[in-house]
Protein chains: 2
Amino acid sequence: MIKQILISDPTLRDGNHACAHQLNAEQIAIYAEAADKAGVPIVEVGHGNGLGASSLQVGLSKEDDKTILETARKHLNKSKLGIHVIPGFATIKRDLVNAIDIGVDVIRVASHCTEADITQRHLGYVRERGKEAYGVLMMSHMASASVLVEEAQKMELYGAEGIIIMDSAGAYLPSDVQEKISALVNGLKVPVGFHAHNNLGMAIANSIMAIESGAKILDGTARGFGAGAGNAQLEVLVAVLEKMGYVTGIDLYKILDASDIAEKEIMSIVPTIKSDSIVSGLSGVFSGFAKHVTRISNEYEVDPRDVYRELGKRKIVGGQEDMIIEVVMDLIRNRK
Amino acid sequence: MIKQILISDPTLRDGNHACAHQLNAEQIAIYAEAADKAGVPIVEVGHGNGLGASSLQVGLSKEDDKTILETARKHLNKSKLGIHVIPGFATIKRDLVNAIDIGVDVIRVASHCTEADITQRHLGYVRERGKEAYGVLMMSHMASASVLVEEAQKMELYGAEGIIIMDSAGAYLPSDVQEKISALVNGLKVPVGFHAHNNLGMAIANSIMAIESGAKILDGTARGFGAGAGNAQLEVLVAVLEKMGYVTGIDLYKILDASDIAEKEIMSIVPTIKSDSIVSGLSGVFSGFAKHVTRISNEYEVDPRDVYRELGKRKIVGGQEDMIIEVVMDLIRNRK
């Protein structure tokens, strides 16, 4: 039996979180070409928060969506071109129509883990246009296994051909992944996927646990380039999967080359697990908040770890970046 | 039931591999003090290859053993002072007598995983002097579970009060750790420990699997500072163990502070998983070889990945650094 795993590589999308969305066209071209050569099945590109998200609030992209997509399209031959789409950031008329016209192959429509309802129209439109449609549940640690199954079933009903859960805060241990992925595999007809973050050093182990629990799709990025402590490191994932007898279709030496190129050409710094990221993971706070929390905490001289703990208690999610200031002000007030 | 785990921190010993053994007295003082404040039970110091190992062949230390030990001793109050001792590098008369006189509390006597015999006299001497004696089996992935048990039982017989196995090449997956640690826990009366390397991104997951399989002792270093892709990242380990309900006696915020200090004061670079380290882990080659393999491969323009694969096939171990040149020469010869 061939144990085939579908790998999607959001280096050029989640990695944008790690560089304030400043990836430029040349960098996109260089890495897309290297990933394509290595046989990466899906290369996902865009603003960290996906299509149409470039804004003052969550950060302006270096390049607009059109440039990003056209550049990637031009440099991908065998790899499919993927995007991350959060309804609210991305509208069908303004964004999705154009993206599909440019030649996007795979569209992941994402919502907070308890809000699958918002994905219905976007998933429907993607299917209507004959493109591959996936549903993504973000911040999945905030919902129980049974709630995740309910939400995923909605996405399946809307036309999603696979469901990916994201550990957006890097909060999971392998036992958590086992519980949630098993429940989803049992509750769905379509394949299940997992997107890891490394705040607790578990990105690779959690990804492997997802597979061992029945998942068929994994996300990984070169050197783990991504929000906060980074994602599952793609080239490590490929090596470990190969060692375990799984088939990814990716050439090991060539993906090692691609990750070397990525480190040299697109990263000012390779993600490591900083102290704040650990507390962020323990608190269940979205990894994309890291840079904002560090900056604002330094500015107001509060302990960023206390900020994460409080954000965790208030169950803040992506899009609520303004709450960081509010939490910092409360911490200062309580100090007095 | 309190699930107590004994943590030993070789940041100032394994970390020396990551900086060509150039840790200086001031750096040793700064980190020892921070680790002591955080409540780290054992702080291990010395040349990367342990007591008496400073030499042209495996690298000259910035500071001699006496300076290293006296400096650490002076800055540790609650933490015990530990050393790594490989008979052959360290003699009893020249090295061990002095180390104990300076005030070392915990002595780990180490051998290759199939050569426990060489530890008998050293372990005997440590017990004679009334100090804590542990046995360490290095490169443990090269022996089967049953051989490891036999070798560990010898060390137990020689007086070891605990046995630590090292994944010196970062070659293990969690299932390997489960098999080997379970066998040791069943076959020994003394506690069992695990020392991880992160070549395959599994250092934290493997450490946790060791504990779940019955181990009671774990090694971890600040930011993973150590040979090759680094060790289990201590502050992550403490956070994960705490999340799982284990007790380490280490204060989370203070060990986060200690790791921030370590990053700032003692590391020119934080370990990440480079492409070569992945191949090194897959090939089962000692992580301490990384710098030499990179340097020599670049010099002779051969692919370092081919060098690792060949070193792995030849089952090269620490101390055989000269073989790197031999392998490189053979690769060049075969190319012609």
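Here is what the cut-offs are and how they apply
- Residues numbered from 1 in each chain as written.
- Chains lettered and ligands numbered in written order.
- Predicted model: local features only at pLDDT ≥ 70, side-chain atom pairs only at ≥ 80, totals over all residues.
- Heavy atoms only, no water.
- Axes fitted to C-alpha atoms, helices over the stretch in contact; angles between N-to-C directions.
- Helix = DSSP H or I, 4+ residues; strand = E, 2+ residues; numbered from the N terminus.
- Parallel < 35°, antiparallel > 145°, perpendicular 65-115°, else oblique.
- Contact = heavy atoms within 4.5 Å.
- Nonpolar A, V, L, I, M, F, W, Y, C, P; charged D, E, K, R; others polar.
- Buried area = accessible area lost by both parts, 1.4 Å probe.
- Salt bridge = Lys/Arg side-chain N within 4 Å of Asp/Glu carboxyl O.
- Polar contact = N/O pair within 3.5 Å; in protein donor to acceptor, adjacent residues only side chain to side chain.
- UniProt positions renumbered as here; feature names shortened; annotations may be inferred.
- Buried < 20%, exposed > 50% of the residue type's maximum accessible area, 1.4 Å probe, protein only.
- Least-squares fit on C-alpha atoms with pLDDT ≥ 70 in both.
- 1 Å grid on protein atoms, 1.4 Å probe; cavity = no way out; pocket = protein on both sides within 12 Å on 5 of 7 lines; lining within 4 Å.
- Points joined across faces, edges and corners; volume = space filled by probe spheres on them.
- Domains from an automatic or database assignment.
- Phe/Tyr/Trp six-rings, centres within 6.5 Å; stacked < 30°, edge-to-face > 60°.
- Lys NZ or Arg CZ within 6 Å of the ring centre and 35° of its normal.
- Pairing = 2+ DSSP bridges.

(A) A look at the packing of helix H2 (residues 25-38) of chain A against helix H10 (residues 252-265) of chain A. Residue and element names in this part refer to chain A. With their axes 8 Å apart at the nearest point, H2 and H10 run at an angle of 170° to one another. It follows that H2 is roughly antiparallel to H10 by the angle criterion. Here Gln27, Ile30, Tyr31, Ala34, Ala35, Lys37 and Ala38 of H2 come into contact with H10, specifically with Lys254, Ile255, Ala258, Ile261, Ala262 and Glu265. Per-class residue counts for the contact of H2 with H10 are nine nonpolar, one polar and three charged.

(B) Representation of the interface of chain B and chain A in the model. Opposite the 36 residues of chain B that make contact, chain A presents 36 residues. Of all residues in chain B, B:Lys243, B:Tyr253 and B:Arg305 bury the most surface against chain A, accounting for 20% of the area lost on that side. Linking chain B to chain A there are four salt bridges. In this structure, the connection of chain B to chain A is made through 18 residue pairs in polar contact (both at pLDDT 80 or more). Secondary-structure elements contributing two or more residues to the side of chain B that touches chain A are helix H8 (203-212), helix H9 (234-243), helix H10 (252-265), helix H11 (275-283) and helix H13 (304-313) of chain B. Among the elements that take part in the side of chain B that touches chain A, H10(B) stands out by supplying seven residues, more than any other. By residue class, the composition of the side of chain B that touches chain A is 20 nonpolar, five polar and 11 charged.

(C) Expanded view of the UniProt feature "binding site: substrate" (unreviewed entry) in chain A. Residues and elements named next belong to chain A. As recorded in UniProt, the feature "binding site: substrate" (unreviewed entry) lies at Arg13, Asp14, Ser168 and His195. Maximum C-alpha separation among the annotated residues is 13.7 Å over a sequence range of 183 residues, consistent with a single clustered spot. Tracing the chain through its elements places Arg13 in helix H1 (residues 11-18). Of the residues examined, Arg13 reaches a relative accessible area of 3% and is grouped as buried. Once residues within four sequence positions are removed from consideration, Arg13 is found in contact with Glu44, Val45, Gly46, His47, Gly48, Gly50, His84, Met166 and His195.

(D) Geometry of the relation of the copies chain B and chain A. Each copy superposes on the other: chain B lies on chain A with an RMSD of 0.0 Å after a rotation of 180° and an axial shift of 0.0 Å. The superposition operator between the copies reduces to a two-fold rotation axis. Across chain B, the rotation axis passes nearest the C-alpha of B:Ala205, at a separation of 3.0 Å. A symmetric contact is evident, with 100% of the interface residues of chain B recurring at the interface of chain A.

(E) Quick look at the layout of surface pockets. Empty space within the largest pocket amounts to approximately 750 Å³. For the largest pocket, the lining is made up of 37 residues, of which A:Gly228, A:Lys274, A:Ala290, A:Lys291 and A:Thr294 are closest to its centre. Elements that contribute at least two residues to the lining of the largest pocket include exactly H1, helix H11 (275-283), helix H12 (290-300) and helix H13 (304-313) of chain A together with H10 of chain B. Sort the elements by how many residues they give to the lining of the largest pocket and H12(A) lands first, with five residues. When grouped by side-chain class, the residues that make up the lining of the largest pocket number 12 nonpolar, 14 polar and 11 charged. For the second largest pocket, the calculated volume is near 580 Å³.

(F) Examining the domain arrangement of chain A more closely. All names here are of chain A. You can read the domains of chain A as domain 1 (3-265) and domain 2 (275-335). Centre-to-centre separation of domain 1 and domain 2, based on C-alpha positions: 25 Å. Tallying the contact residues gives 18 residues for domain 1 and 18 residues for domain 2. Both faces considered, domain 1 and domain 2 share a buried interface measuring about 1300 Å² in area, 60% of it formed by carbon and sulfur atoms. In terms of surface lost to domain 2, no three residues of domain 1 exceed Gln57, Met139 and Asn199, which account for 31% of the buried area on that side. Along the lines of polarity and charge, the residues of the side of domain 1 that touches domain 2 split into nine nonpolar, nine polar and no charged.

(G) Structural view of the pattern of salt bridges. As enumerated under the stated definition, the model contains 46 salt bridges over all chains in all. A salt bridge links A:Arg223 to A:Asp260; its shortest N-O distance comes to 2.7 Å. In this pair, A:Arg223 sits in the loop between strand E9 (217-219) and helix H9 (234-243) while A:Asp260 sits in helix H10, placing the two residues 37 residues apart along the sequence. Across the salt bridge formed by B:Glu310 and B:Lys313, the nearest N and O atoms sit 3.8 Å from each other. Taken together, the residues span about one helical turn, with B:Glu310 and B:Lys313 both in helix H13 at a distance of three residues. Taking the relative accessible area as the measure of exposure, B:Lys313 reaches 65% and is therefore exposed. Bridged by salt links that share partners, the residues A:Arg13, A:Asp14, A:Glu44, A:Arg108 and A:Asp219 form one connected network.

(H) Representation of the packing of aromatic side chains. Scanning all chains against the criterion turns up four aromatic pairs over all chains. With a centroid separation of 6.2 Å and an interplanar angle of 35°, the aromatic rings of B:Tyr172 and B:Phe194 are classed as tilted. Of this pair, B:Tyr172 sits in the loop between strand E7 (163-166) and helix H7 (174-187) while B:Phe194 sits in strand E8 (residues 192-195), and the two are 22 residues apart along the sequence. A single burial state applies to B:Tyr172 and to B:Phe194, both of which are buried. Over the face of the ring belonging to B:Tyr253 we find A:Arg305, whose NZ or CZ atom lies 4.1 Å from the ring centre. Directly above the aromatic system of B:Tyr246 lies the positively charged group of B:Lys3, at a separation of 4.2 Å from the ring centroid.

(I) Empty space enclosed by the protein, seen in detail. Evaluation of the coordinates by the stated rule reveals three cavities of 30 Å³ or more. What the largest cavity holds in volume is close to 400 Å³. Together, 29 residues line the largest cavity, and A:Asn198, A:Ile273, B:Asn198, B:Gln233 and B:Ile273 are the ones closest to its centre. Counting residues per element, the ones that place at least two in the lining of the largest cavity are helix H8 (203-212) of chain A together with H8 of chain B. In terms of residue class, the lining of the largest cavity is built from 14 nonpolar, 13 polar and two charged.

(J) Region of the structure containing the sheet that holds strand E5 (residues 106-112) of chain A. Residues and elements named next belong to chain A. Here we have eight strands rolled up into a closed barrel, ordered E2-E3-E4-E5-E6-E7-E8-E9, and parallel in their pairing. Across the sheet, the axes of successive neighbouring strands diverge by a mean angle of 25°, strand direction being ignored. Direction of pairing for strand E8 (residues 192-195) relative to E9: parallel, over a ladder of two bridges. Within the sheet, the bridge partner assigned to Gly193 lies in E9 and is Ile217. Its contacts with the sheet place helix H5 (residues 120-128) against strand E4 (80-85), E5 and strand E6 (132-138), and it is angled at close to 160° to E6.

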